Amino acid sequence: MEKKAGKAAVEQAFPSQAAPKIDDEEHLADAAAAIKVGDRCEVAGGRRGEVMFVGKVPELPLGWWVGVKYDEPVGKNDGSAKGVRYFECPDKYGGFVRPDLVQVGDFPEEDPFADLGDEM
């Protein structure tokens, strides 16, 4: 009869891909200092939006967070985290991301019809 591998053996064979636990309340404070509410931004992965919040969110892991209202419904929330509202936006248009994943600058809303040209 084959013996089942224990939890420790499985974890050793397949190490967790989870991010290390953050224990610094000021994690990414320097990156957050360069981001202001109202800035247009692009989040890693090409999602564009507007910065709606910069600060600490006690409902999320320690450190600084950026609340983004996306131009399209690519978010995970409506500007709230675990029932606490940080900014207003429709459901699926909001998200909280780490400041190092946010680039601020001239990121206008993309025109979904720009590639269609004058086909009429």
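The coordinates are above.
What comes next is a walk through the structure. Quick caveat, the model's predicted, so the values are computed rather than measured.

## A short note on the overall build of the protein
For step 1, the next point in the chain: A tally of regular secondary structure across the protein gives two helices and seven strands.
For step 2, the next point in the chain: Reading the helices (α) and strands (β) of the protein from amino to carboxyl end gives α-α-β-β-β-β-β-β-β.
For step 3, the next point in the chain: When contacts within the protein are restricted to residue pairs at least 6 apart in sequence, those whose partners lie at least 24 apart make up 50%.
For step 4, the next point in the chain: Carbon together with sulfur atoms contributes 54% to the accessible area of the protein, which is approximately 8700 Å² in total.

## Remarks on the pairing of strand E1 (residues 40–43)
For step 1, the next point in the chain: Side chains Cys41 and Val43 project from E1 onto a buried face, and the interleaved Arg40 and Glu42 project onto a face without burial.
For step 2, the next point in the chain: Both E1 and strand E2 (residues 47–56) contribute to a ladder of four bridges, which runs antiparallel. Following the sheet pairing, arginine 40 is matched in E2 by glutamate 50.
For step 3, the next point in the chain: Linking E1 back to E2 in an antiparallel pair, the connection comprises three residues, with glycine 45 at a positive phi of about 100 degrees.
For step 4, the next point in the chain: Direction of pairing for E1 relative to strand E7 (residues 102–104): antiparallel, over a ladder of three bridges. Bridging across to E7, glutamate 42 finds its partner in glutamine 103.

## Looking at the pattern of salt bridges
For step 1, the next point in the chain: By the definition in use, this model includes six salt bridges.
For step 2, the next point in the chain: Glutamate 110 serves as the salt-bridge partner of arginine 48, at 3.5 Å between the closest nitrogen and oxygen. Highlighted residues: arginine 48 in strand E2 and glutamate 110 in the segment after E7, separated in sequence by 62 residues.
For step 3, the next point in the chain: The salt bridge partner of arginine 85 is aspartate 78, with a shortest N-O separation of 3.0 Å.
For step 4, the next point in the chain: One connected set of salt bridges, linked through shared partners, spans Glu42, Arg48 and Glu110.

## A closer look at the environment of valine 97
For step 1, the next point in the chain: With respect to the secondary-structure elements, valine 97 resides in strand E6 (residues 94–97).
For step 2, the next point in the chain: Since its relative accessible area comes to 9%, valine 97 is described here as buried.
For step 3, the next point in the chain: Put simply, valine 97 and valine 68 are 29 residues apart on the chain and 7.7 Å apart in space, counted from C-alpha to C-alpha.
For step 4, the next point in the chain: The residues touching valine 97, leaving out its near neighbours within four places in the chain, are Val43, Trp65, Val66, Val68, Tyr70 and Val102.

Each value, and the rule that gives it
- Residues numbered from 1 in each chain as written.
- Predicted model: local features only at pLDDT ≥ 70, side-chain atom pairs only at ≥ 80, totals over all residues.
- Heavy atoms only, no water.
- Helix = DSSP H or I, 4+ residues; strand = E, 2+ residues; numbered from the N terminus.
- Contact = heavy atoms within 4.5 Å.
- Areas by Shrake-Rupley, 256 points an atom, 1.4 Å probe, with all protein chains shown as cover.
- Buried < 20%, exposed > 50% of the residue type's maximum accessible area, 1.4 Å probe, protein only.
- Pairing = 2+ DSSP bridges.
- Salt bridge = Lys/Arg side-chain N within 4 Å of Asp/Glu carboxyl O.

Limitation: the analysis is restricted to geometry and does not speak to function.
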